[in-house]
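What follows is the residue order along each chain.
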Amino acid sequence: MMLRIDRLRKVLGARVLFDLEAFALDAGRAYVLTGINGAGKSTLLRVLAGLEPGEASGVTWQGQPLAFSPYPQALRAAIVYVHQHPVLFSTSVADNIGYGLRARGVARAQAAPAVAQAMAWAGVEHLRGSDPARLSGGEVQRVALARAWVLRPALLLLDEPTANLDGPAREQLIALIPALLAAGSTVVMACHDRDLIGMPGVQRLKLRDGKLETK
Ligand SMILES: Nc1ncnc2c1ncn2[C@@H]1O[C@H](COP(=O)(O)OP(=O)(O)OP(=O)(O)O)[C@@H](O)[C@H]1O
């Protein structure tokens, strides 16, 4: 088991959005997180990524017990969240993809080969000279995935990765998921997309009335 969080809760005022006895993920697996609108899928991913507060009685990460609050550095380094509507800086596509590496102290020249590799991986090399503000929804999603992949996260949290895509853009995005797994990442996707939910080997998690159902 890669990650286990005991008694993971999110309370919003008087409302308990979720209260999970145990949330556990294995290494190198794909999970889909389903649930009706407002069930708390995005919030759960954001709490897992440390982007908003949550409560837990304890965490075990790669066999090591940790406290969940303040959000542990080991998780910060290993978990990347990709927003449903990724925001790109208006500099350049390559600059966006290299952003996380530079934030981790990698010099621009050193990051360049990894950025080039990530662009090839995500099929966005032809966008090298494009204005990030003018990319299509599918292109933005692939740039955002490349920006995450380049960091080689142990755990990748994708929030509705195909929600705004159809046709080839959606298929291109879906085709990248097995490659993420092959690279050893665990992937959790919040989604309603039947093709993602039906992908071979995908474990289903359903958030319902603040509890997690496994199927
Ligand atoms: N900071 C907050 N303060 C108050 N309410 C919040 C906050 N964050 C989320 N919520 C509420 O919590 C609920 C769950 O929201 P969330 O976005 O996690 O749902 P979701 O399952 O991802 O839904 P969707 O499928 O529509 O994206 C919603 O009712 C939302 O309004």
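Rules used throughout
Residues numbered from 1 in each chain as written. Predicted model: local features only at pLDDT ≥ 70, side-chain atom pairs only at ≥ 80, totals over all residues. Helix = DSSP H or I, 4+ residues; strand = E, 2+ residues; numbered from the N terminus. Rg over C-alpha atoms; globule rule 2.2 N^0.38 Å. Buried ≥ 20, exposed ≤ 12 C-beta atoms within 10 Å, placed from the backbone. Axes fitted to C-alpha atoms, helices over the stretch in contact; angles between N-to-C directions. Parallel < 35°, antiparallel > 145°, perpendicular 65-115°, else oblique. Left-handed = near helix turned anticlockwise from the far one by under 90°. Contact = placed C-beta atoms within 7 Å. Nonpolar A, V, L, I, M, F, W, Y, C, P; charged D, E, K, R; others polar. Near = placed C-beta within 6 Å. Pairing = 2+ DSSP bridges.

- The protein is annotated in an unreviewed UniProt entry as Energy-coupling factor ABC transporter ATP-binding protein of Massilia atriviolacea.

**As for the overall build of the protein**
- Within the protein one finds seven helices and 10 strands.
- The C-alpha atoms of the protein give a radius of gyration of 17 Å, which matches the 17 Å a tight globule of 215 residues would have.
- A principal-axis box enclosing the C-alpha atoms of the protein has dimensions of 50 × 40 × 35 Å.
- Burial analysis of the protein (215 residues in total) assigns 38% to the buried set.

**A look at the packing of helix 3 (residues 93–103) against helix 4 (residues 108–122)**
- The geometry of helix 3 relative to helix 4 is characterised by a closest axis approach of 9 Å and an angle of 125 degrees between their N-to-C directions. In terms of orientation, helix 3 lies oblique with respect to helix 4. As helix 3 runs across helix 4, the sense of the crossing is right-handed. In contact with Ala94, Ile97, Gly98, Leu101 and Arg102 of helix 3, helix 4 contributes Arg108, Ala111, Ala114, Val115, Ala118 and Met119.
- In the contact of helix 3 with helix 4, the residues fall into eight nonpolar, one polar and two charged.

**Remarks on the site of the ligand**
- Taken together, Leu12, Leu17, Gly35, Asn37, Gly38, Ala39, Gly40, Lys41, Ser42, Thr43 and Ala190 make up the full set of residues adjacent to the ligand.
- At three residues, helix 1 (residues 41–48) tops the list of elements feeding residues into the shell around the ligand.
- Looking at the shell around the ligand residue by residue, the class counts come to four nonpolar, six polar and one charged.

**A word on the sheet that holds strand 1 (residues 3–12)**
- Pairing within the open sheet is antiparallel, and its four strands lie in the order 2-1-4-5. With partners counted over all chains shown, the strands left at the sheet margins are strand 2 (15–25) and strand 5 (64–66), one partner each. If you compare each strand with its neighbour and ignore which way they point, the axes differ by 25 degrees on average.
- Strand direction decides the pairing type here: strand 4 (residues 58–61) and strand 5, joined by three bridges, are antiparallel. Across the sheet, residue Val59 finds its bridge partner in strand 5, namely Leu66.

**Some points on the sheet that holds strand 9 (residues 203–208)**
- Strands sit in the order 6-7-8-3-9-10 across an open sheet of six strands; the sheet is mixed. Only two strands of the sheet have a single partner each, and these edge strands are strand 6 (79–82) and strand 10 (211–214). Averaged over all pairs of adjacent strands, the angle between their axes in this sheet comes to 20 degrees, without regard to strand direction.
- Note that strand 3 (residues 30–34) and strand 9 share four bridges and pair parallel.

**Considerations on the packing of helix 3 against helix 5 (residues 137–149)**
- In contact at an axis separation of 7 Å, helix 3 and helix 5 are set at 35 degrees when each is read in the N-to-C sense. Considering only the axes of helix 3 and helix 5, their crossing is right-handed. Each of Val93, Asn96, Ile97, Tyr99 and Gly100 in helix 3 lies in contact with helix 5, whose residues at this interface are Val143, Ala146 and Arg147.
- Considered class by class, the residues forming the contact of helix 3 with helix 5 number five nonpolar, two polar and one charged.

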